[in-house]
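Structural overview for review
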Amino acid sequence: MKNITLLGATGSIGLQTLDIIREHNDEFRLFAIAFGKNVDKAIDIIESFQPKKIVVQEESIRQKLLSYNDQLTILLGNEGMEEISADPDTDVLVNAVMGSIGLSATITAIRHKKQIAIANKETLVTAGHIVMAEAKKYGVDLLPVDSEHSAIYQALNGEHAKDVHKLILTASGGSFRDKKRSELHGVTVNDALNHPNWSMGAKITIDSATMMNKGLEVIEAHWLFDMAYDKIDVIQHKESIIHSMVEYVDNSVIAQLGTPDMRVPIQYALTYPDRLALPASKRLDLVEISTLHFDRMDTERFPCLGFAYEAGNKGGSLPTVLNAANEAAVDLFLKEKITFLEIEEVIADAMAHYPFIDQPDISAIQKIDQEVRQQIYEKF
Ligand SMILES: NC(=O)C1=CN([C@@H]2O[C@H](COP(=O)(O)OP(=O)(O)OC[C@H]3O[C@@H](n4cnc5c(N)ncnc54)[C@H](OP(=O)(O)O)[C@@H]3O)[C@@H](O)[C@H]2O)C=CC1
Ligand SMILES: CC(=O)[C@@H](O)[C@H](O)COP(=O)(O)O
Ligand SMILES: [Mn+2]
């Protein structure tokens, strides 16, 4: 029996992770959770799974939970997330919080040699050089939950990086894939949240629409698979059936396929190197689907993808600036304070103006992250 500590339990990945724990309750037990603001959902989870420890971000949320049950063990803030990640009773950390807020818990879990299933891609974007150096130092393998990275992990199957010609990430194209740039001026938050294939949290759904999600995933792949940026390609594939591919030097291409269902990569990250049945997930019927489509990516249509390659290639503090500016811009868009196309402008402006640092350490990264957000929020 493995004890799971789940950060971001009330979110899209969090709830699907709970489906897997429920389905395989002879293999997994929920030990601890962290969440943000959704008290009602958290109470449902507490009633069903009885986690021993709970982390909330704010004292007011802690008080609400205590008024529901004053016997609960409730910790606070990032320190709380670090504490449950390091807890001797935690076997596996599933990091499914949204945003760079997940960074310190990831590093703490690595330092305590926990098995880590990582959905929280912003952690790897903002501080990939530090996270991967720590993982190497402590001998910890980060198991990807992100569907593309899970696909690549499976397609690599322990092969040597020197034999890889390219990683090929697939992109659905997001909510506005059939629109030209000139048609994006009046688009609404609801339009942008209407992803064609996946039901996900709001922030990542907007990232899919701007193509920043794929940009973040390029940087995530660079760090997870130690691959140069010129060996990471993105192609558009509107069905999201091929989750990603590895092209080898002998021109052989190995892809991982399946219906778009995040429970599959979540479960794989928990059971690796074994596999368990997942009856709730729909089997892939290629005859029923019949046709798959592929297109080249256009970075003029989707500038955010180009921003991410630029940040990844230049390195230093630029990926941190990119990520923080994107998190702030998406938040402002969701609050209807900026337009969809202004998301790109906000990110480009932050990347152009924030002073560059070559090898930022954790405290520099946290400072840059805060300052970039603050400067953006002051403007809007
Ligand atoms: N959804 C998906 O299919 C996929 C998601 N990912 C990645 O997984 C991560 C989570 O995405 P997703 O599940 O969609 O996001 P959601 O917005 O659905 O969920 C985010 C979770 O994080 C919690 N949270 C937010 N802010 C804080 C905070 N400051 N402290 C603690 N917890 C916090 C939320 O709590 P609350 O809601 O209670 O406020 C919620 O539980 C992201 O990094 C995303 O890129 C990757 C691949 C696919
Ligand atoms: C499910 C998943 O992994 C998401 O990151 C997904 O990839 C989003 O789809 P697109 O970014 O391809 O639109
Ligand atoms: Mn993905």
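Numbers given for residues are sequential positions, taken from 1 along each chain in its written order. Just so you know, chain letters begin at A and ligand numbers begin at 1, following the order they were written in. Predicted model: local features are reported for residues with pLDDT of at least 70 only, side-chain atom pairs are reported and counted for 80 or more only, and whole-chain, interface and lining totals are derived from all residues. For the side-chain quantities, the full set of heavy atoms in the structure was used; hydrogens and water were omitted.

The protein appears in an unreviewed UniProt entry as 1-deoxy-D-xylulose 5-phosphate reductoisomerase from Gracilibacillus caseinilyticus. UniProt positions are given in the numbering used here, feature names are shortened, and annotations may be inferred rather than shown by experiment. The record in UniProt for the protein states the following under Pathway (unreviewed entry): "Isoprenoid biosynthesis; isopentenyl diphosphate biosynthesis via DXP pathway; isopentenyl diphosphate from 1-deoxy-D-xylulose 5-phosphate: step 1/6." Taken directly from UniProt, the Sequence similarities (unreviewed entry) text for the protein runs: "Belongs to the DXR family."

Turning next to the overall build of the protein. Secondary structure elements follow DSSP: runs of H or I no shorter than four residues count as helices, runs of E no shorter than two count as strands, and numbering proceeds from the N terminus. Helix and strand content of the protein: 16 helices and twelve strands. The globule rule used for comparison is 2.2 Å times the number of residues to the exponent 0.38, while the radius of gyration itself is calculated over C-alpha atoms. Taking 2.2 N^0.38 as the reference for a compact globule, 380 residues should give roughly 21 Å; the C-alpha atoms of the protein span a radius of gyration of 20 Å, in line with that estimate. Summarising its shape, the C-alpha atoms of the protein cover approximately 55 × 50 × 40 Å along the three principal directions. Shrake-Rupley sampling with a 1.4 Å probe provides the accessible areas, and residues are treated as covered by the protein chains on show and by no other component. For the protein, the accessible surface area stands at approximately 16,900 Å², while carbon and sulfur atoms represent 47% of it.

What follows deals with the sheet that holds strand β3 (residues 53-56). Pairing between strands is defined by DSSP: at least two bridges between the two strands are required. With parallel pairing, the seven strands of this open sheet are ordered in space as β4-β3-β2-β1-β5-β6-β7. Either end of the sheet is taken by a strand with one partner, and the two such strands are β4 (74-76) and β7 (142-144). Between one strand and the next, the sheet's axes are offset by a mean angle of 25°, whatever the strand orientation. Across three bridges, strand β6 (residues 115-118) lies against β7 in parallel orientation. In the sheet register, I118 faces β7, and the bridge partner there is P144. Taken strand by strand, helix α4 (residues 77-86) contacts β1 (2-7), β2 (28-34), β3, β4 and β5 (92-95), and its axis lies near 125° from that of β4. Here an angle of 0 to 180 degrees is reported between the N-to-C directions of two axes, which are lines fitted to C-alpha atoms, with helices fitted over the stretch in contact. Contact between two residues is taken to exist if any of their heavy atoms lie within 4.5 Å; hydrogens are not considered.

A few words on the pattern of salt bridges. Definition used for salt bridges: Asp or Glu carboxyl oxygen within 4 Å of a side-chain nitrogen of Lys or Arg. Evaluated as defined, the whole model comprises 21 salt bridges. The partner of R22 in a salt bridge is D19, and the shortest N-O contact between them spans 3.1 Å. Of this pair, R22 and D19 are both found in helix α1 (residues 12-23), three residues apart, which corresponds to roughly one turn of the helix. To sort residues, take the accessible area from a 1.4 Å probe on protein chains only and compare it with the maximum for the residue type: under 20% means buried, over 50% means exposed, and anything in between is partly exposed. For D19, a relative accessible area of 30% translates into the label partly exposed. With its nearest N and O atoms 2.8 Å apart, the salt bridge here joins R263 to D261. Taken together, the shared-partner salt bridges in this structure form one network comprising K121, D146, E148, K214 and E217.

Counting buried residues along helix α9 (residues 202-210), seven of its nine residues qualify, which places the element largely inside the surrounding structure. Buried within α9 are the following residues: K203, T205, I206, D207, S208, A209 and T210. Against α6 (121-138), α8 (189-192), α10 (212-225), α13 (303-314), α14 (318-334) and α15 (340-353) lie the buried residues of α9. Once α9 ends, the next one or two residues include M211, with phi positive near 75°.

Turning our eyes to something else, we now look at the confidence of the model for the protein. Residues with a pLDDT of 70 or more make up 100% of the protein, whose mean pLDDT is 97. For this predicted complex, the interface confidence reaches an ipTM of 0.99, while the overall pTM sits at 0.98. Per-residue confidence from the prediction method is given by pLDDT, with values spanning 0 to 100.

Grouped together as the largest cluster of nonpolar side chains are 123 residues, with contacts concentrated most on L65 and L322. Looking at which element gives the most residues to this core, the answer is α14, with ten residues. Each of domain 1 (2-140) and domain 2 (149-314) gives at least three residues to this core. Dropping the residues within four chain positions of it, L322 is found in contact with V125, M212, L216, I219, F307, A308, A311, I347 and M351. The definition of a nonpolar core used throughout is a set of buried Ala, Val, Leu, Ile, Met, Phe, Trp, Tyr and Cys residues joined through side-chain atoms within 4.5 Å. What marks off one domain from the next here is an automatic or database domain assignment.

All right, on to the site of ligand 1 then. Distances are taken per atom, and a residue is near a molecule or strand as soon as one of its heavy atoms is within 4 Å of it. Around ligand 1 sit 24 residues in total, of which T10, S12, K37, N38 and E122 are the nearest. Pairs of N or O atoms are called polar contacts if they sit within 3.5 Å, as long as, within protein, a hydrogen donor faces a hydrogen acceptor (for residues adjacent in sequence, only side-chain-to-side-chain pairs). G8 has a polar backbone atom sitting 3.2 Å from an oxygen atom of ligand 1. A119 is positioned with one of its backbone polar atoms (N or O) 3.4 Å from an oxygen atom of ligand 1. Relative to its free-state accessible area of 900 Å², ligand 1 is covered by the protein chains to the extent of 85%.

The next subject is the packing of α6 against α14. For any two helices packed against each other, the geometry comes down to the angle between their axes and how far apart the axes lie. Where α6 contacts α14, the two axes come as close as 7 Å, and the packing angle between them is 140°. For the element pair α6 / α14, the angle class is oblique. In this structure, α6 contributes E122, V125 and T126 to the contact, and α14 contributes P319, T320, L322, N323 and E327. In this classification, the charged set is Asp, Glu, Lys and Arg, the nonpolar set is Ala, Val, Leu, Ile, Met, Phe, Trp, Tyr, Cys and Pro, and all remaining amino acids, among them Gly, are polar. Of the residues in the contact of α6 with α14, the class split is three nonpolar, three polar and two charged. Here roughly perpendicular refers to angles of 65 to 115 degrees, roughly parallel to angles under 35, roughly antiparallel to angles over 145, and oblique to all remaining angles.

So, about the domain arrangement of the protein. How big an interface is tends to be stated in terms of the accessible area lost upon association of its parts. Here the protein is described as being made up of domain 1 (2-140) and domain 2 (149-314). Distance from the C-alpha centre of domain 1 to the C-alpha centre of domain 2: 25 Å. Across the boundary between the two partners, domain 1 contributes 24 residues, which contact 24 residues of domain 2. The term buried area refers to how much accessible surface (probe radius 1.4 Å) is lost by two components on association, counted for both of them together. Interface area for domain 1 against domain 2, summed over the two sides, is near 2,000 Å², with a carbon-plus-sulfur share of 71%. At the boundary of domain 1 with domain 2, the tally comes to two salt bridges. Inspection of the region where domain 1 meets domain 2 yields six residue pairs in polar contact (both at pLDDT 80 or more). Elements with a minimum of two residues in the side of domain 1 that touches domain 2: β1, α1, β5, β6 and α6. Grouping the amino acids of the side of domain 1 that touches domain 2 by side-chain chemistry returns eleven nonpolar, seven polar and six charged.

Glancing now at the site of ligand 2. In the region of ligand 2, 16 residues are neighbours, and S147, E148, S172, N213 and E217 sit closest. Measuring from an oxygen atom of ligand 2, one finds a side-chain N or O atom of S172 at 2.5 Å. H195 has a polar side-chain atom sitting 2.8 Å from an oxygen atom of ligand 2. A total of 350 Å² of accessible area belongs to ligand 2 in isolation, and the protein chains cover 97% of it. Put simply, the parts of the chain that give the shell around ligand 2 at least two residues each are α7 (147-156), α9 and α10. In terms of residue count, α10 provides more of the shell around ligand 2 than any other element does, three residues in total. Considered class by class, the residues forming the shell around ligand 2 number five nonpolar, six polar and five charged.

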